[in-house]
Amino acid sequence: MAKTIRTVCALACVALLTACGGGAATEGAKRPLVLTTFTVLADIAANVAGDKLQVESITKAGAEIHGYEPTPDDIKKATKADLILDNGLNLEAWFAQFVSEVDAPHVVVSDGVAPIDIAEDAYRGKPNPHAWMSPMNVRIYVDNMVRAFSSLDQAHAADFHANGENYKRQLQQVQDELTGSLHRLPSNERALVTCEGAFSYLARDAGLAERYIWPVNAEQQATPQQITRAIEFVNQNKVPAVFCESTVSDAPMRQVVSATGAAFGGVLYVDSLSGPEGPVPTYLDLIRHDARTIVAGLTGAAR
Ligand SMILES: [Zn+2]
């Protein structure tokens, strides 16, 4: 009997210690969990959420996000999510299936953005999904996040609103820097040639002509025909430098470089942030890095 009492007491004490000692950790773990489909959205969402929500990306930095294949761990994690944010505009080909397997509400953060249509190939007429490449569009992403977070956690609605307004001021600043630096390029250097057609929004904002090897990352990319078209564009327009993105192989663009004599202008970031030690740990860094790389490449400063 005495032994039973001691055992009960020991168990109760352990339970008590866990409850009290783990106070801070329990507090942290209680924050609603918001998952995003990729790292760029996670960073923007974290700016809006502040310390009130736990925000994580399903895909890791450097992942190919269009044709991503979710793991069983991703699905397990998503079943615990209070909210999932996706970009929409057909960016995440895997998302409809994914979200049907987990019981969590989701919000499309690009809702309300005026899309630019893809001009060619199999995707002709469909919206270009990379709307976040215009910081002005990201203002709409932020508004959608503020709304979604406020209905998820009403007690902190004022915080989300204030964080959103503050972040939108930073978006305006980075937009001004982007257009300011790129609009200074001489007219003969105003062409942006990339691997994926992911820069339509940025090219529009910056007043650049856009050419790419393939329209959207998918299985059928960098066909000989697509590479030939890029080579012709570079030759005809005497484009001084071409670029490729961090999440795909630059081998097809290297072919364009050797066929034309254009310089390889560097790596651009669009579908993923870098890790914390890399060149673009945040979305604002991503836009600044790309603007700098494009200007340096096209003006020859990188050579
Ligand atoms: Zn992409």
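Residues numbered from 1 in each chain as written. Predicted model: local features only at pLDDT ≥ 70, side-chain atom pairs only at ≥ 80, totals over all residues.

Under an unreviewed UniProt entry, the name given to the protein chain is Metal ABC transporter substrate-binding protein, and the organism recorded is Amycolatopsis suaedae. Quoted straight from UniProt, the Subcellular location (unreviewed entry) entry for the protein chain says "Cell envelope". As recorded by UniProt, the Sequence similarities (unreviewed entry) comment attached to the protein chain reads in full: "Belongs to the bacterial solute-binding protein 9 family." (UniProt positions renumbered as here; feature names shortened; annotations may be inferred.)

### Let's talk about the overall build of the protein chain
Looking only at helices and strands, the protein chain has eleven helices and eight strands in total. By residue count, 40% of the 303 residues in the protein chain fall in the buried class. For the protein chain, restricting intrachain contacts to residue pairs at least 6 apart in sequence, the fraction spanning at least 24 positions comes to 61%. (Helix = DSSP H or I, 4+ residues; strand = E, 2+ residues; numbered from the N terminus. Buried ≥ 20, exposed ≤ 12 C-beta atoms within 10 Å, placed from the backbone. Contact = placed C-beta atoms within 7 Å.)

### Remarks on the environment of R190
Structurally, the position occupied by R190 is in the loop between α7 (157-183) and β5 (191-196). Separated by 109 residues in sequence, R190 and T299 have C-alpha atoms that sit 9.9 Å apart.

### What about the nonpolar core?
Grouped together as the largest cluster of nonpolar side chains are 79 residues, with contacts concentrated most on A45, V48 and M145. With eight residues, the top contributor of residues to this core is helix α3 (residues 39-49). Counting only domains with at least three residues in this core, you end up with domain 1 (27-178) and domain 2 (180-299). Excluding its chain neighbours within four sequence positions, the residues that come into contact with M145 are A45, V48, L85, V109 and G164. (Core = buried A, V, L, I, M, F, W, Y, C linked by C-beta atoms within 7 Å. Domains from an automatic or database assignment.)

### Some points on the packing of helix α6 (residues 135-152) against α7
Across the interface, α6 lies against α7 with an axial gap of 9 Å and an inter-helix angle of 175°. One finds that α6 runs roughly antiparallel with respect to α7. For the pair α6 and α7, the contacting residues are P135, M136, V138, R139, V142, D143, M145, V146, F149 and S150 in the first and A157, F160, H161, G164, Y167, K168, L171, V174, Q175 and L178 in the second. (Axes fitted to C-alpha atoms, helices over the stretch in contact; angles between N-to-C directions. Parallel < 35°, antiparallel > 145°, perpendicular 65-115°, else oblique.)

### Re the pairing of strand β8 (residues 263-268)
With five bridges joining them, strand β7 (residues 241-245) and β8 adopt parallel strand pairing. Following the sheet pairing, V242 is matched in β8 by F264. On the question of chirality, the crossover connecting β7 to the parallel β8 by way of helix α10 (residues 251-260) is right-handed. (Pairing = 2+ DSSP bridges. Right-handed = clockwise from strand over helix to strand, strands pointing away.)

### What about the environment of H106?
Here H106 shows up in strand β4 (residues 106-108). Sequence separation between H106 and A81 is 25 residues, and the spatial gap between their C-alpha atoms is 9.6 Å. Setting aside anything within four residues of it in sequence, one finds H106 in contact with I84, L85, D86 and V99.

### Comments concerning the packing of α3 against α6
Packing of α3 against α6 leaves a shortest axis separation of 10 Å and a crossing angle of 55°. Accordingly, the angle class assigned to the pair α3 and α6 is oblique. The two elements α3 and α6 cross, and the hand of that crossing is right-handed. Contacts between α3 and α6 pair I44, A45, V48 and A49 from the former with V138, Y141, V142, M145, V146 and F149 from the latter. Grouping the amino acids of the contact of α3 with α6 by side-chain chemistry returns ten nonpolar, no polar and no charged. (Left-handed = near helix turned anticlockwise from the far one by under 90°. Nonpolar A, V, L, I, M, F, W, Y, C, P; charged D, E, K, R; others polar.)

### Quick look at unusual backbone geometry
Phi at L89 is positive, roughly 55°, even though this residue is not glycine. Positionally, L89 belongs in the loop between β3 (83-86) and α5 (95-100).

### Some points on the sheet that holds strand β2 (residues 54-57)
Pairing between the strands of a sheet is mediated by backbone hydrogen bonds and can be parallel or antiparallel. Spatially, the four strands line up as an open sheet ordered β2-β1-β3-β4, and their pairing is parallel. Every other strand in the sheet has two partners, leaving β2 and β4 as the edge strands with one partner each. Across the sheet, the axes of successive neighbouring strands diverge by a mean angle of 25°, strand direction being ignored. As paired strands, strand β1 (residues 33-36) and β3 are joined by three bridges and run parallel to one another. What sits directly across from L35, in β3, is I84. Each of β1, β2 and β3 touches α3; the most contacted strand, β2, lies at about 170° to it.

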